[in-house]
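# Structural overview
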Amino acid sequence: MKILVCISNVPDTTTKIKFVNDNKDFDATGVQWIINPWDELALTRALEIKEANATAIEKITVINVGLTAAEATIRKALAIGADNGIRINADPKDSYFVAFQLAEVIKKENFDIILCGIESCDYNGASVGGMLAELLDYTSVSAVSHLNLENNQIILKREIDGGQELISVQTPFIGIVQKGIAKDARIPNMRGIMMAKSKPLQVVEAVDSDNYTDFVGFSYPKPKAACKKIEPENVKELINLLHNEAKVL
Amino acid sequence: MNFEFTEEHKMIQQAAKDFAERELLPDVIERDEKQEFAAEHVKKLAELGLIGMMTDPKYGGGGMDTISYVLAMEEISKIDSSVAVLLSVCNSLVIWGIETYGTEEQKEKYLKPLASGKKIGAFLLSEPEAGSDATSQRTIAEDKGDYYLVNGTKNWITNANSASTYVLIAQTHPDKKHKGINALIVDKNSQGITLGPHENKMGMRSSDTHSVMFNDVKVPKENRIGEDGFGFPFAMKTLDGGRIGIASQALGIAQGAFERAVKYSKERKAFGTEISNHQSVAFKLAEMAVKIENARNLCLKAAWLKDQHLPYGIASAMAKQYAADIAMEVTTEAVQIHGGYGYVKEYHVERLMREAKLTQIYEGTSEVQKIVISRSILKD
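### Brief notes about the interface of chain A and chain B
- The interface is formed by 12 residues belonging to chain A together with 15 residues belonging to chain B.
- Mapped by element, the contributors of at least two residues to the side of chain A that touches chain B are α2 (71–80) and α5 (190–196) of chain A.
- Residue classes in the side of chain A that touches chain B are distributed as seven nonpolar, one polar and four charged.

Dropping the structure here:
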């Protein structure tokens, strides 16, 4: 059984977001890039499954649509424990474009389990996993919070209103995973970091594909209102402000 | 000249940072307060491969360079120097010493479990009356034919309780003075070894520091490192590398305090504006930044020389003296910038200030480093 984990290369979650070019482009100057946290959790779960089912899982591959700079992020995934990496050489801005590129590679190699994070924390498109399933005509399950391999059967849990759904799926399938899929992302160990250098990282040229969306512009959220501090003994003042200024009482 | 780190360096730095923030930060104040050894954290540190990170992979190590070590030490020390000192003693002193000068049998038996982090090591040099003057060893390792009989007391021993393997410096031929000193690998469970109480220190309080008493302890002859009388050069060579570890620790302490001071100065308001807008604070930050940058360059230079197999003893002494002294200055200023909040434990900077002090004292005081540096200038 082969597992593929789709990883996005995203700005660190603490990055101060700035835009350039009339607010049409994200300013990547000085930005530290990381594996999209949901994708990283997907990879963590894939590794846990491989460790628990060493004979059943042949390999874990990570794939990314990105430019050369994304290779550091792919290497990190290899350091964490993925066996090999694939980079599709293109600037990933449109969800359909990304899904199309991934599908073209996946068609050539049969993966049994394909995992995508539910969304990426840069553009928050939350659509690549679903599009990929459609393009490949694979089963897909969204909002997966638990994935296990039990007697060669894949068991998933997904969050539904008021509870959880327990389902089994046939391979190949696409699991669109969310929080809960793994407890914490792994920190690569020193040996893994050294081994990552020699693990295969294949670069594939992008195929022609449409972009269905284009960024017209970005805007910043409204700044947070200033915080007013009231001394604990001054309850009257607190009530007065909540009543007359915040108008919530 | 290339000032850029490799992808591996950046990954190691990030891994150490993530580990420190995720694992060490949540209980660092409590452990310091209670003088509690970070046993569980150290296990994870070993799993991460930071213990033995520079050792040849054939002995179970990570095979990394000294630059990586500086980066990892800085990140861990930004959060918790009690853990960082364990890392430094294991990597720079015990593991490096056995790997560089030990026999294959010693490496098989002692280095492998140390380099994989399964066992912890301690380096026993200081004595009640032999600190900076390491030639005045009073602990005796009497030659009894096929074993040494050890008697004496060692002081201020980091990892004394948590370690399984000791590297002991002791005198075998007092008449030969420092040329009669030997380095011995000693199993901590050997009969006749007792520990003094945990030292109630000013800083690095969760580091496991004790005195160690030897009373007729038998150490097999095959546990001697190098030829008879090699103990003093062994200790000096080992400490050259140890200084890179402690210099990087001091750098991390300074950087940790600096980052907290920057953050606080941008949040705290006084006289109608953030205090970072007051030149008195902004200039302090500028001065701190320059000192830290200098210390970092000295640490990396010493590490680079070591990796190139070039002489690094003077560079490591410079790094240790400067980084330790500026760590004291920077942490003191960080407390000053925090004002009253800097004086309480919650804001970490008072702890960093207490930790900084030790870097000026152990593994060669700042004064001893100046002796080493000045002698190199004045020789010939």
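That covers the picture; the talk isn't over yet.
### What about helix α4 (residues 128–136) of chain A?
- Buried within α4 of chain A are the following residues: V128, G129, M131, L132, A133 and L136 of chain A.
- Where α4 of chain A terminates, the next one or two residues include D137 of chain A, which has phi positive at roughly 60°.

### Description of the domain arrangement of chain B
Residue and element names in this part refer to chain B.
- By domain assignment, chain B separates into domain 1 (7–115), domain 2 (121–229) and domain 3 (233–378).
- With centres defined by C-alpha atoms, the gap from domain 1 to domain 3 works out at 20 Å.
- Between domain 1 and domain 3, the contact holds 24 residues from the first and 23 residues from the second.
- At the level of elements, α2 (28–34), α4 (66–79) and α5 (81–101) are the ones that each hand at least two residues to the side of domain 1 that touches domain 3.
- It is α4 that provides the largest number of residues to the side of domain 1 that touches domain 3, a total of 11 residues.
- Among the residues forming the side of domain 1 that touches domain 3, the class breakdown is 12 nonpolar, seven polar and five charged.

### Re the packing of α4 of chain B against helix α7 (residues 231–267) of chain B
Residues and elements named next belong to chain B.
- Between α4 and α7, whose axes approach to 7 Å, the crossing angle comes to 45°. By the angle between their axes, α4 is oblique relative to α7. Handedness of the α4/α7 crossing: right-handed. Across from T66, V70, M73, E74, E75, I76, S77, K78 and I79 in α4, the residues of α7 making contact are I244, G245, S248, Q249, L251, G252, I253, Q255 and G256.
- Here the contact of α4 with α7 is composed, by residue class, of seven nonpolar, eight polar and three charged.

### What to know about the nonpolar core
- Grouped together as the largest cluster of nonpolar side chains are 181 residues, with contacts concentrated most on V5 of chain A together with A250, A254, C299 and A323 of chain B.
- The greatest single-element share of this core, amounting to 15 residues, is contributed by α7 of chain B.
- Leave out the neighbours within four places in its chain, and A250 of chain B touches A295, A323, A324, A327, A356 and T359 of chain B.

### Some details on α2 of chain A
- Judged by how many residues are buried, α2 of chain A sits mostly within the fold: eight of 10 residues are covered.
- All of the buried residues along α2 of chain A are T73, I74, R75, K76, A77, L78, A79 and I80 of chain A.

### Re the pairing of strand β8 (residues 113–117) of chain A
Residues and elements named next belong to chain A.
- Summarising burial for β8: five of the five residues are buried, a large majority.
- Alternating residues of β8 divide into I113, L115 and G117 and I114 and C116, and every residue in both groups is buried.
- Looking at chain direction, strand β1 (residues 2–6) and β8 are connected through four bridges and run parallel. Pairing of V5 across the sheet is with L115, part of β8.
- Bridging between β8 and strand β12 (residues 173–177) involves five bridges; their strand directions are parallel. Within the sheet, the bridge partner assigned to L115 lies in β12 and is G175.

Calculation criteria
Residues numbered from 1 in each chain as written. Chains lettered and ligands numbered in written order. Predicted model: local features only at pLDDT ≥ 70, side-chain atom pairs only at ≥ 80, totals over all residues. Contact = placed C-beta atoms within 7 Å. Helix = DSSP H or I, 4+ residues; strand = E, 2+ residues; numbered from the N terminus. Nonpolar A, V, L, I, M, F, W, Y, C, P; charged D, E, K, R; others polar. Buried ≥ 20, exposed ≤ 12 C-beta atoms within 10 Å, placed from the backbone. Domains from an automatic or database assignment. Axes fitted to C-alpha atoms, helices over the stretch in contact; angles between N-to-C directions. Parallel < 35°, antiparallel > 145°, perpendicular 65-115°, else oblique. Left-handed = near helix turned anticlockwise from the far one by under 90°. Core = buried A, V, L, I, M, F, W, Y, C linked by C-beta atoms within 7 Å. Pairing = 2+ DSSP bridges.

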